[in-house]
Amino acid sequence: MAEKTSFLTRIKAFCKKHPLVSGLCLMALVGWILLWIIPMTFLDFWTHHNDDATVPEVKHLSYSEAKTTLNRANLDIAISDSIYNTSVPPGTVVESWPKAGSQVKSGRKVYVTVTAFSPKNVTLSMPITGVSVRQAVSYLNALGINGIRFVNVPSQYPDLVERATVDGRPLGVGSVLPVSASVVLEVGTYKEPENIDYTDSISAEEQVAEELMMSEEEAGASTYSEE
């Protein structure tokens, strides 16, 4: 106890003898408390320490169902991307990040990829008429258009697309249509001329010639008998 009192007495004496130095030391001590001890004390509160949440499985749920499920787990939802898929109902969650089962802080956003609520529109940047049916179909398939129907029309050029329509509307460069559209391609079919039976024609000509010859012979015979 005497040693402790002696230590405090020496500190007081030092402060009285060196007020400027002791003031600087006191300021440094207060600054250290403000910059280190207090932030560390409230760090758990600021960072939600021990306030974790487990990301639930939301894949194959509708967007509204996924939102409800995440909100119950103290998490938020945000759409990061959408894809067009006719085999899955629109608005269905197909991917999520962070993945299901991940440990995250409460209140953070979970980003999801959903199927598009409406079909994607595409713009034709090249003609699909005046080209072969193979070229037209390949281009349409590359755009994601698979609903294609063919109608044969007379043409001098077989397999040439003479006309393309959607719901009766002609299609050309710059036309905008959904990938779910049904495109009608009018494809040319070459029709050969009807076959002519030249044998029958020759036979008819010969018959006419024979009739003429017989008529001439009969007329000659008549003239001879009169003489």
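Refer to the structure printed above.
This one's a predicted model, so the numbers in the text were calculated from it and none came from an experiment.

> Residues and numbers for the overall build of the protein, please.
Broken down by element type, the protein carries 5 helices and 11 strands. Buried positions account for 22% of the 227 residues belonging to the protein. At a minimum sequence separation of 6, the contacts of the protein that also span at least 24 residues come to 68%.

> How would you sum up the sheet that holds strand 11 (residues 183-189)? Please name residues and give values.
Across the sheet, 4 strands lie side by side as 7-11-8-9; this open sheet has mixed pairing. Only two strands of the sheet have a single partner each, and these edge strands are strand 7 (148-154) and strand 9 (169-170). As paired elements, strand 8 (residues 161-166) and strand 9 share 2 bridges and run antiparallel to each other. Pairing of Val166 across the sheet is with Arg169, part of strand 9. Across the sheet, helix 4 (residues 133-142) touches strand 7, strand 8 and strand 11, and the angle it forms with strand 11 is around 165°.

> I'd love a proper account of the nonpolar core, names of residues and values included.
Counting residues in hydrophobic clusters, the biggest one holds 21 residues, and the most contacted among them are Ile128, Leu140, Leu171, Leu177, Val183 and Leu185. Sort the elements by how many residues they give to this core and helix 4 lands first, with 5 residues. Not counting residues up to four positions away in its chain, the partners in contact with Leu171 are Leu124, Ile128, Ala164, Thr165, Val166, Leu177 and Val183.

> Run through the side chain of Thr115, naming residues and quoting values.
The residue Thr115 is located in strand 5 (residues 109-115) in this model. Among the residues examined, Thr115 registers a relative accessible area of 1% and is labelled buried. Discounting residues that sit within four places of it in the chain, Thr115 has contacts with Ile83, Asn85, Val88, Pro89, Pro90, Gly91, Thr92 and Val94.

> Give a description of the sheet that holds strand 2 (residues 76-83) that names residues and reports values.
What holds strands together in a sheet is hydrogen bonding between their backbones, with the strands either parallel or antiparallel. Spatially, the 3 strands line up as an open sheet ordered 2-5-3, and their pairing is mixed. In the strand order of this sheet, the two ends are held by strand 2 and strand 3 (93-97), each with one partner. The sheet shows a mean angle of 25° between the axes of neighbouring strands, direction not considered. Here strand 2 runs beside strand 5; their pairing, made up of 7 bridges, is parallel.

> Describe the pattern of salt bridges, with residues and values.
Opposite charge on two side chains permits them to pair, given that their charged atoms come into close proximity. According to the stated counting rule, one finds 4 salt bridges in the structure shown. As a salt-bridge pair, Glu186 and Arg163 come within 3.4 Å of each other at their nearest N and O atoms. Note that Glu186 is positioned in strand 11 and Arg163 in strand 8, a separation of 23 residues in sequence.

> Can you lay out unusual backbone geometry for me, pointing to particular residues and giving the numbers?
Following Trp97, the chain continues into Pro98 via a peptide bond in cis, with omega recorded as -5°. By secondary structure assignment, the location of Pro98 is in the loop between strand 3 and strand 4 (103-105). In this structure, Asp159 is a non-glycine residue whose phi angle is positive, near 65°. Position of Asp159 among the secondary structure elements: in the loop between strand 7 and strand 8.

Thresholds, definitions, all that
Residues numbered from 1 in each chain as written. Predicted model: local features only at pLDDT ≥ 70, side-chain atom pairs only at ≥ 80, totals over all residues. Heavy atoms only, no water. Helix = DSSP H or I, 4+ residues; strand = E, 2+ residues; numbered from the N terminus. Buried < 20%, exposed > 50% of the residue type's maximum accessible area, 1.4 Å probe, protein only. Contact = heavy atoms within 4.5 Å. Pairing = 2+ DSSP bridges. Axes fitted to C-alpha atoms, helices over the stretch in contact; angles between N-to-C directions. Core = buried A, V, L, I, M, F, W, Y, C linked by side-chain atoms within 4.5 Å. Salt bridge = Lys/Arg side-chain N within 4 Å of Asp/Glu carboxyl O.

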